Amino acid sequence: MAYYTVYWPQDRLDELRKTGDTGPIKVVFGSIHSRMPSIASIKVGDVVFPVSLLDRHLYIMASWT
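Cut-offs applied
- Residues numbered from 1 in each chain as written.
- Predicted model: local features only at pLDDT ≥ 70, side-chain atom pairs only at ≥ 80, totals over all residues.
- Heavy atoms only, no water.
- Helix = DSSP H or I, 4+ residues; strand = E, 2+ residues; numbered from the N terminus.
- Contact = heavy atoms within 4.5 Å.
- Areas by Shrake-Rupley, 256 points an atom, 1.4 Å probe, with all protein chains shown as cover.
- Core = buried A, V, L, I, M, F, W, Y, C linked by side-chain atoms within 4.5 Å.
- Buried < 20%, exposed > 50% of the residue type's maximum accessible area, 1.4 Å probe, protein only.
- Salt bridge = Lys/Arg side-chain N within 4 Å of Asp/Glu carboxyl O.
- Lys, Arg positive; Asp, Glu negative; His and termini not counted.
- Polar contact = N/O pair within 3.5 Å; in protein donor to acceptor, adjacent residues only side chain to side chain.
- Pairing = 2+ DSSP bridges.
- Axes fitted to C-alpha atoms, helices over the stretch in contact; angles between N-to-C directions.

1. Brief notes about the overall build of the protein chain
Point 1. Helices and strands together make up the secondary structure of the protein chain, namely one helix and three strands.
Point 2. Listing each helix as α and each strand as β along the protein chain from the N terminus yields β-α-β-β.
Point 3. Of all intrachain contacts in the protein chain linking residues separated by at least 6 positions in sequence, the fraction that spans at least 24 positions is 49%.
Point 4. As displayed, the protein chain offers around 4,800 Å² of accessible surface, 58% of which is attributable to carbon and sulfur atoms.

2. Brief notes about the nonpolar core
Point 1. Core analysis: the biggest nonpolar cluster contains five residues, these being Val-6, Trp-8, Leu-13, Leu-16 and Val-48.
Point 2. What Leu-13 contacts, discounting residues up to four positions off in sequence, is Trp-8, Ser-52, Leu-54 and Met-61.

3. As for the pattern of salt bridges
Point 1. Within the structure shown, the criterion is met by two salt bridges.
Point 2. Note that Arg-12 and Glu-15 form a salt bridge whose closest N and O atoms lie 3.7 Å from each other. Of this pair, Arg-12 and Glu-15 both sit in helix α1 (residues 10-19), three residues apart, which is roughly one turn of that helix.
Point 3. Residue class for Arg-12 comes out partly exposed when judged on its relative accessible area of 21%.
Point 4. Between Arg-17 and Asp-14 there is a salt bridge, with the nearest N and O atoms lying 2.8 Å from each other. On the criterion of helical spacing, the pair formed by Arg-17 and Asp-14 is a turn pair, its members being three residues apart in helix α1.
Point 5. For Asp-14, a relative accessible area of 31% translates into the label partly exposed.

4. Re the side chain of Asp-46
Point 1. Here Asp-46 is to be found in the loop between α1 and β2 (47-54).
Point 2. The side chain of Asp-46 sits in the buried core without any salt bridge; Lys-43 is the nearest counter-charge, 5.7 Å away.
Point 3. Engagement of the side chain of Asp-46 in a polar contact is seen with the backbone nitrogen of Ala-2, the distance being 3.0 Å.
Point 4. Polar side-chain contacts of Asp-46 include one of 2.7 Å to the backbone nitrogen of Lys-43.

5. Some thoughts on the sheet that holds strand β3 (residues 57-60)
Point 1. If you trace the three strands from one edge of the open sheet to the other, you get β1-β2-β3, paired in mixed fashion. Each end of this open sheet is capped by a strand with a single partner; those strands are β1 (3-7) and β3. Across the sheet, the mean angle separating the axes of adjacent strands is 30° when strand polarity is ignored.
Point 2. Two elements, β2 and β3, share four bridges in a ladder whose sense is antiparallel.

Laid out in structure tokens, this is it:
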């Protein structure tokens, strides 16, 4: 089992709000760019912690396994 932290910038959170996705988490964002690192190495059983900065505070949005 591995653990990952993925940063979700405000625009990603806004996209989730627009779709009405208020949880539980059904998606994890990632890409080939440094802003959204690849999540290709994540396997079943790994734990992902999406985090975001809101008003200069770090929030753990959820844990996703």
